[in-house]
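Descriptive analysis of the structure
Residue-level listing of the chains:
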Amino acid sequence: MTAAAISAAVRNRTADWWRRSIWVDHLMLAIRVVVAVLVLWGLAGGIAAGTYSAANFASFAMFGLTIGSVYALIALGYTMVYGILRMINFAHGDVMMVGSFAGLFAASSLSGAGLTNDAPLIALPLVLAAGMAVGAAVSVAIERVAYRPFLHVRSLAPLICAIGLSFVLQYGARGLFGTRNRAYPGFGWMEGTVQVAGLTIPIPQIVAFGAALVVLAGLLAIVRLTPLGKAMRAVSEDRDAAALVGIDVSRTIVFTFAIGGAMAGVAGVLYALVFKQITVFMGFFLGIKGFAAAILGGIGNLGGAMLGGLVLGLAEALGPALLLEGYGLPAPYQLKDVIGYGMLVLILIFRPQGLLGERLAAKRA
Amino acid sequence: MTRTLACTAALAASLLATCAFAAETLGPVTDEIGVVKITKGDPILIGGYSSQSGGDTNQGIDELRGAELAILDNEGTVLGFEVQLLGEDAQCTAEGGQTAATKIAGNPQVVAVIGPTCSSGARAGAPILWNAGMPSVAFGATAPALTAADRPDGFKGFLRVVPNDLLGADFTATYAFENLGVKTAATIHDGSPYTEQLVRAFEKDFTELGGTIVSSEAVSPTDTDLRPVLTRISTKKPELIFTPVFTSTVGFLLRQKTEITDLAGTQVIGGEGVFSANVIEAAGPNVVGLRIVGPSTDLFSDRFPVFVEAFKSEFGEAPVGGFSAYGYDSMLLTLKAIETAGKTDDEGNLYIGRKALYDAMMATKDLPALTGTLACDEFGDCSAATYAIWEFVSDDASTFAPGENPKRVYP
């Protein structure tokens, strides 16, 4: 093919697109171009500004992965419930908060026995177990109150019920535990830092990231390898057909909520391990972040929830330093959430099904 | 159609008329803004709005308790009428201030208002109250803009017994530059009017003294990860970080600062918002060495220890820092002004002219109060500024006691 033929083909394609496209397509293209230019300009400026060293960026990225894995754990709860019920469980963020408080009380009593300081490797799994157990219990209770009664009704009632329960949990916890910030006790050597390839990395970040990976792998194993997981996949595919082949749908839904709640409990404890302070109102923001991560990755898709969480965490950690620095904005970190949510909006515009989601068939949508 | 328009216009006009101040005569009193008539036997209502929920609950509750004690010290009455305080929750937000102020302003019998705790609440609330003819005396809102010469008309009715941040900023900058000997400083605010205006004032004063502000940063109050901001600051290697942000942010900041090697020698000075035991739990072991600038109760009037005892016997616990004293003083100023402005008729009813009450408040001079001697300037700043620098010396939250932990290090 000659150069002339290639350019003719390109011209044809362009003309063809131009003929078939409508103004919406042009607008979308314009938005894409503007976003791309803004991002590239910011990136170039950010790198040229040279405020941060490579080591700084590496430590931001490490932190982004840590908080991203917490988002991913929360996102899994949203995405599992959505996969099975096609409903968002808006109380999920507060399940995480309750799990975190359960972990706090477990950690405080273990700390009284001196266990958290002397043997953090024994104490942490116990604290995680407390968070998981309470998270799962609360989540199952939410299913019982807000979802079970509406299982065969097509309405938004469960959604509204879940929002109500979210307030019940928040203000119930406020009444029980007070509004002040509570701090986890110290976890002995887990409080320190390690030197890896010239980087100083806080151990809690490594522990949290590692624990999150282990839990995620466990979850995947359950979904892929056990009969329960098979039942969950079947129910999410087609609830009626699953019932016809003898799957106990209600029981499967309860298990889904329990697993999602346990994940949220783990997320709450790991969050506290990294940040130390928890409050009764933290569920709201972290819930929104987890929800955003689930949408980002493609809601209903487990792998997508994990990917979405990590991408959101990385974008928040690196975005201000990489992008906003380039525009010479004063105090770029105030705009951290703008980057995270801005990315979410762009994903919804350009890839509504999310990073890994598939387009829903008309029947499932 | 024309008729509908005419009706709408008439309605709008009548609404406008009720909003604008019109001279009113009631009983023996004529007043430009309006007159409150309190029938014999009824209480005088004073509104109060402070943070009753959220992270600053301790401060807000103490402020209203202080005000209650001021009423009790006056035998619960003024001019023979019982005084009743109507407390509302302003949280520490603009929305909270707006809701609380709207609720108070909806009661036309309220003669004056004390509060709020936070500048953001005052920003939204004070104009609402003043539009209803109610002056407000803040016990916690310290942002300079609230009493600046170019403030909007809605803030004309805003007074405060707590020192303007300009004074605190000047005090802190002088302490940092002259006593600590630091020449470079960084600042962090959280976007609230209080913290932002305070750091701006600090930056101006510090620069005027000859210091350099190397980095001027901001976070948001819900931020939990301050490492990037701290890393950014650490590239400039300041000797001091001045950050008058609130408890949770200070907790995250102190805990995460230890992870940034370049900030090892950097000192931190916080604001009075963290003058409580909560910051010790929030920051854990890293709280030791934290300095804060705050009101000094030692420099309050010599009646303060008596007040603390009365507080303990009334409420069963010791007051937190000096917050309750500002609450006391705001009520004291209001009661004194009511004494001056109130007029009774032959039947024993009480009439309070709103403008007269406001004028009496603004005319406060040499009033011996708990925090010192109060005198109002033309912009509504009435405080007796008494600052000190405090340093936390232990990470055990149960040791919190102003004077011991934190310890007063200056003056």
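Residues numbered from 1 in each chain as written. Chains lettered and ligands numbered in written order. Predicted model: local features only at pLDDT ≥ 70, side-chain atom pairs only at ≥ 80, totals over all residues.

What about the pairing of strand β3 (residues 199–202) of chain A?
Residues and elements named next belong to chain A. Spelled out, the test is: Any two strands with at least two DSSP bridges between them are considered paired. Each helix is a run of DSSP H or I of at least 4 residues and each strand a run of E of at least 2, with the numbering of both proceeding from the N terminus.
As paired elements, strand β2 (residues 193–196) and β3 share four bridges and run antiparallel to each other. Residue pairing in the sheet places V194 in a bridge with I201 of β3. Taking the residues that link successive antiparallel strands as the turn, the β2-β3 hairpin has two residues, and the phi of A197 there is positive, at about 50°.

Some thoughts on the domain arrangement of chain B
Residues and elements named next belong to chain B. Selection rule: Throughout the structure description, domain borders are defined by an automatic or database domain assignment. Note on contacts: each residue gets a C-beta atom placed from the backbone, and two residues are in contact if those atoms are within 7 Å.
Its domain assignment divides chain B into domain 1 (23–164 + 301–385) and domain 2 (166–297 + 388–410). Summarising the inter-unit geometry, the C-alpha centres of domain 1 and domain 2 are found 30 Å apart. The interface is formed by 18 residues belonging to domain 1 together with 17 residues belonging to domain 2. Take the side of domain 1 that touches domain 2: its biggest share by element is three residues, from helix α4 (residues 119–131).

Examining the sheet that holds strand β8 (residues 136–138) of chain B
All names here are of chain B. If you walk across this open sheet you meet the six strands as β5-β6-β4-β7-β8-β9, and the pairing is mixed. Among the strands making up the open sheet, the edge pair consists of β5 (77–78) and β9 (158–160). Taken together, the seven bridges between strand β4 (residues 44–50) and strand β6 (residues 81–89) define a ladder with parallel strand orientation. The residue of β6 that forms the bridge with I46 is L85.

Examining the pairing of strand β14 (residues 291–295) of chain B
Residue and element names in this part refer to chain B. Applied cut-off: To sort residues by exposure, count the other C-beta atoms lying within 10 Å of each residue's C-beta; 20 or more gives buried, 12 or fewer gives exposed, and values between give partly exposed, all with C-beta atoms placed from the backbone. Seen with its strands pointing away from the viewer, a crossover is right-handed if its path from the first strand over the helix to the second goes clockwise.
When you tally the buried positions in β14, you get five out of five residues, the bulk of the element. With helix α9 (residues 278–283) bridging strand β13 (residues 267–270) and the parallel β14, this β-α-β connection has right-handed handedness. As paired strands, β14 and strand β19 (residues 387–391) are joined by five bridges and run antiparallel to one another. Paired with P295 across the two strands is Y387, which belongs to β19.

Describing the environment of D238 of chain A
All names here are of chain A. On the secondary structure map, D238 appears in the loop between α9 (227–237) and α10 (239–244). With 13 C-beta atoms packed within 10 Å, D238 lands in the partly exposed category. When the C-alpha positions of D238 and L76 are compared, they lie 20 Å apart, and in sequence the two are 162 residues distant.

Thoughts on the nonpolar core
Defined as follows: Connectivity within a nonpolar core runs through C-beta atoms within 7 Å, and the core itself is a set of buried Ala, Val, Leu, Ile, Met, Phe, Trp, Tyr and Cys residues.
If you look at the biggest cluster of nonpolar residues, it comprises 232 residues, and the most contacted ones within it are A72 of chain A together with L357 of chain B. If one sorts the elements of this core by residue count, helix α3 (residues 54–85) of chain A sits on top with 17 residues. Mapped onto the domain boundaries, this core takes at least three residues apiece from domain 1 (23–164 + 301–385) and domain 2 (166–297 + 388–410) of chain B. Ignoring any residue separated from it by four or fewer positions in sequence, one finds A72 of chain A in contact with A212, L216, A293, A305, M306, G309 and L310 of chain A.

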